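Examining the three-dimensional arrangement
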2 protein chains.
Amino acid sequence: MDDPARNAELALLLEVAGTPKPGNVDRHRDLDDLRFDHFLAGAVGAREGLDLAANGAAVGPAFERAIEGMAAQGENTQFGALLLLVPLVRAAREDLSQPVVESVVEGTTVADAAAFYRAFEHVDVFVDEPPEEVEPLDVRRGADAVPALEDRGLTLLDVMEYSVPGDDVAREWVRGFDRSFTAAERLAEAEGAPPDRAASVFLSLLAERPDTLVVKRHGEAVAAKVTDRAADLVERNALETDREAVESFADELVDRGVNPGTTADLTAAGLFIALEHEAIEI
Amino acid sequence: MDDPARNAELALLLEVAGTPKPGNVDRHRDLDDLRFDHFLAGAVGAREGLDLAANGAAVGPAFERAIEGMAAQGENTQFGALLLLVPLVRAAREDLSQPVVESVVEGTTVADAAAFYRAFEHVDVFVDEPPEEVEPLDVRRGADAVPALEDRGLTLLDVMEYSVPGDDVAREWVRGFDRSFTAAERLAEAEGAPPDRAASVFLSLLAERPDTLVVKRHGEAVAAKVTDRAADLVERNALETDREAVESFADELVDRGVNPGTTADLTAAGLFIALEHEAIEI
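Residues numbered from 1 in each chain as written. Chains lettered and ligands numbered in written order. Predicted model: local features only at pLDDT ≥ 70, side-chain atom pairs only at ≥ 80, totals over all residues. Heavy atoms only, no water.

**Topic: the overall build of chain A**
Across its full length, chain A carries 16 helices and 0 strands. Over its C-alpha atoms chain A spans a radius of gyration of 18 Å, differing by no more than 12% from the 19 Å that the globule rule assigns to 282 residues. In terms of overall dimensions, chain A has a C-alpha envelope of 55 × 45 × 30 Å along the principal axes. By the burial criterion, 60% of the 282 residues in chain A qualify as buried. (Helix = DSSP H or I, 4+ residues; strand = E, 2+ residues; numbered from the N terminus. Rg over C-alpha atoms; globule rule 2.2 N^0.38 Å. Buried < 20%, exposed > 50% of the residue type's maximum accessible area, 1.4 Å probe, protein only.)

**Some remarks on the confidence of the model for chain A**
Summing up the model confidence of chain A, the mean pLDDT is 96 and the portion of residues at 70 or higher is 99%. Listed scores for the predicted complex are pTM 0.97 and ipTM 0.96. (pLDDT = per-residue confidence, 0-100.)

**Observations regarding the relation of the copies chain B and chain A**
When chain B is fitted to chain A, the best match, at an RMSD of 0.0 Å, comes from turning it 180 degrees and sliding it 0.0 Å along the axis. On the angle and the small slide along the axis, the relation comes out as a two-fold axis. Using C-alpha coordinates, one finds that chain B approaches the rotation axis most closely at Arg27 of chain B, a distance of 3.2 Å. Of the residues that chain B buries at the interface, 100% are likewise interface residues in chain A, meaning the two copies contact each other through the same surface. (Least-squares fit on C-alpha atoms with pLDDT ≥ 70 in both. Contact = heavy atoms within 4.5 Å.)

**Quick word on the packing of aromatic side chains**
The description of an aromatic ring pair rests on the distance of the ring centres and on the angle between the ring planes. Residues and elements named next belong to chain A. This model, assessed by the stated rule, comprises 15 aromatic pairs over all chains. Ring geometry for Phe116 and Tyr117: centres 6.0 Å apart, planes at 80 degrees, overall edge-to-face. For the ring pair Trp173 and Phe177, a centre distance of 6.5 Å and an interplane angle of 40 degrees mean the geometry is tilted. Each of the two residues, Trp173 as well as Phe177, counts as buried. Members of the aromatic cluster, each reached through a chain of ring pairs, are Phe63, Phe79, Phe116, Tyr117 and Phe120. The ring of Phe126 has Arg217 sitting right over it, with the charged end atom 4.7 Å from the ring centre. (Phe/Tyr/Trp six-rings, centres within 6.5 Å; stacked < 30°, edge-to-face > 60°. Lys NZ or Arg CZ within 6 Å of the ring centre and 35° of its normal.)

**Description of the environment of Lys216 of chain A**
Note on placement: Lys216 of chain A falls in helix 12 (residues 212-218). On a C-alpha basis, the gap between Lys216 of chain A and Glu150 of chain A in space is 28 Å, while along the polypeptide they are 66 residues apart.

**Regarding the nonpolar core**
Membership of the largest hydrophobic core comes to 171 residues, with the highest contact counts inside it found for Leu82, Phe116, Trp173 and Phe272 of chain A together with Leu82, Phe116 and Phe272 of chain B. For Phe116 of chain B, the residues in contact, after removing those within four places along its chain, are Phe63, Phe79, Leu83, Val139, Leu156, Val159 and Met160 of chain B. (Core = buried A, V, L, I, M, F, W, Y, C linked by side-chain atoms within 4.5 Å.)

**Re unusual backbone geometry**
In the segment running from Thr19 of chain B into Pro20 of chain B, the intervening peptide bond is cis, with an omega of -5 degrees. Tracing the sequence through the fold places Pro20 of chain B in the loop between helix 1 (4-17) and helix 2 (36-54). Between Val164 of chain B and the following residue, Pro165 of chain B, the backbone shows a cis peptide bond with an omega angle of 0 degrees. You can see Pro165 of chain B is positioned in the loop between helix 8 (156-163) and helix 9 (168-174). Positioned with a positive phi, Phe177 of chain A is a non-glycine residue whose angle comes to about 55 degrees. Among the structural elements, Phe177 of chain A can be located in the loop between helix 9 (168-174) and helix 10 (178-189). In this structure, Asn237 of chain A takes a positive phi of about 50 degrees despite not being glycine.

**Some points on a negative patch on the surface**
All names here are of chain A. Side chains of Glu102, Glu106, Asp178, Glu185 and Glu189 sit close together on the surface and give a patch of like negative charge. Mapped by element, the contributors of at least two residues to the negative patch are helix 5 (98-106) and helix 10. Counting residues per element, the negative patch draws most heavily on helix 10, at 3 residues. Secondary-structure assignment places Glu185 in helix 10. On the basis of relative accessible area, Glu185 is assigned to the exposed category, the value being 52%. (Patch = residues over 30% accessible without salt bridge, like charges linked within 9 Å, V, L, I, M, F, W, Y side chains within 5 Å. Areas by Shrake-Rupley, 256 points an atom, 1.4 Å probe, with all protein chains shown as cover. Salt bridge = Lys/Arg side-chain N within 4 Å of Asp/Glu carboxyl O. Lys, Arg positive; Asp, Glu negative; His and termini not counted. Charge placed at Lys NZ, Arg CZ, Asp CG, Glu CD.)

**Here's the deal with the pattern of salt bridges**
Summed over all chains, the structure comprises 50 salt bridges over all chains. As a salt-bridge pair, Arg47 of chain A and Asp3 of chain A come within 3.9 Å of each other at their nearest N and O atoms. Highlighted residues: Arg47 of chain A in helix 2 (residues 36-54) and Asp3 of chain A in the segment before helix 1 (4-17), separated in sequence by 44 residues. A residue is classified by how much of its surface remains accessible, and Arg47 of chain A, at 2% relative accessible area, is buried. Among the salt bridges present, the one from Asp232 of chain B reaches Arg236 of chain B, with a minimum N-O distance of 3.2 Å. A relative accessible area of 37% places Asp232 of chain B in the partly exposed class. Looking at Arg236 of chain B, the relative accessible area reads 37%, which means it is partly exposed. Connected via shared salt-bridge partners are Asp26, Arg29, Arg243, Glu247 and Asp251 of chain A.

**Thoughts on the packing of helix 3 (residues 59-70) of chain B against helix 4 (residues 79-92) of chain B**
Residue and element names in this part refer to chain B. Across the interface, helix 3 lies against helix 4 with an axial gap of 10 Å and an inter-helix angle of 140 degrees. By the angle between their directions, the pair helix 3 and helix 4 is classed as oblique. Between helix 3 and helix 4 lies a crossing whose hand is right-handed. Along the contact surface, helix 3 presents Val59, Ala62, Phe63, Ala66, Ile67 and Met70, while helix 4 presents Phe79, Leu82, Leu83, Val86, Pro87 and Arg90. Looking at the contact of helix 3 with helix 4 residue by residue, the classes come out as 11 nonpolar, no polar and 1 charged. (Axes fitted to C-alpha atoms, helices over the stretch in contact; angles between N-to-C directions. Parallel < 35°, antiparallel > 145°, perpendicular 65-115°, else oblique. Left-handed = near helix turned anticlockwise from the far one by under 90°. Nonpolar A, V, L, I, M, F, W, Y, C, P; charged D, E, K, R; others polar.)

**Focus on the interface of chain B and chain A**
Of the residues lining the interface, 26 residues belong to chain B; the matching set on chain A comes to 26 residues. Each partner contributes to the roughly 2,300 Å² buried at the junction of chain B and chain A, and carbon and sulfur atoms together form 61% of this total. Sorting the residues of chain B by area buried against chain A places Arg27, Val44 and Ile282 of chain B first, and these three jointly supply 29% of that buried surface. Summed over the shared surface of chain B and chain A, the number is 4 salt bridges. (Buried area = accessible area lost by both parts, 1.4 Å probe.)

**Some words on the environment of Gly45 of chain B**
Mapped onto the fold, Gly45 of chain B is located in helix 2. By relative accessible area, which is 4% here, Gly45 of chain B ends up buried. With 189 residues separating them in the primary sequence, Gly45 of chain B and Val234 of chain B have C-alpha atoms 34 Å apart. Residues contacting Gly45 of chain B, with those up to four places away along its chain left out, are Arg6 of chain A together with Ala66, Gly69 and Met70 of chain B.

Written out as structure tokens, the structure reads:
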């Protein structure tokens, strides 16, 4: 039997190796401030936290440890991906299905939420200004927000509910990891080596919904345009018939600093599920 | 303090990410039968064996476990690199210096040698026909050779001594990991991100001695020619002044199936030492 922590780490590596993944670091592209080797080190560093989750630790502390290890290289490379992977790894101890992962996130506590907030002290994460009434719960406050969490009795799932809409990682938590499981199905059906499948599924996810990291950084219009262009490429099967168009789109987004990171997070989650289900193999 | 197992795994990943590395899988090149994702999975799979070494397990069993995990993806990606890394990780528990790693290999036993032989049952390793008098010790016999090992009382260091000349991984074992430490010094002095340094140091090592995997597969004349061409590229600092020439050389060796894998193994060992000594960082 495979070890879920190992497959989770491998999923992070296969995700970043997939190319072309428009706007993201991939096997052939670095961003100005984020290089391929940051992602390699981030994946390796996350392993201890993933091991904790695989061994039955609570979601929050396992996530915090994963982020602390990931961030040892100095950049935020896989925060969102790990927020998906940690509950999925926990679920894989029992059965990696949507009902089980839903029960995992429903079982999170205020202590898990506190650990999630502490994770923000290890790394810079791009987040929106919160509405004024929840300013005491601004994640950028890190551990300083923990008393407010405790006063309100908010679990980590509650915190995720606060973050939807506007954050499609949080949305997975409240919707049974629906797109992650869909991504896994598509990865199983796709052709080629795992990184090629990852690139194909990334594009299909990007074509469906505006990437919420792009919305936060560049606004809804830019995100919608990216989605439309991805949809056009998917519709005409450009990865097979006009790969140059996808490569150009990838270069253009990198040049403009438009980075659909949430879609990459979903791709990593799908890769993990597909590896665990032995629906793909190296 | 960094965990040596984590740094060893990261060294394997940074090695394969370095490009151009003539004749080897790198960030931009696959071989016919070996892809980049095989190396990613090999590094992740080796982690448990590396963890054993970091926790003080004997070299042979830790190596066998590392190879078993590495080989789960089906290909031999990092056998030689792990044969260097496992004793280095063991040494790092105390002090990662040449005298300490020498004492680690001098402390190996017949049981370590037996585990080394069992490792060959997990994976196809390209080896020469042995001379007739040591046929009972042919590594391709795997565990069947263990009684002969025990009869002769051979430790793993003894086995490595048998393999020199003709195997520059074994040569490290009997020469205090001299080239591995030299590679680490060069990595520290090189410029750029770690994978760029890896590519530069790989070329410098290739320029110095014929790669023993190339000798085994293609003969001494081919290996000597590869060394001469690498030396010419190093002499005229081609990675800086004529990168295209290095890229062409890399493409040509891949096309010809000339794969200087031993030089890649030494580069991975050097990366590990440099990471442990904090002489390079991501």
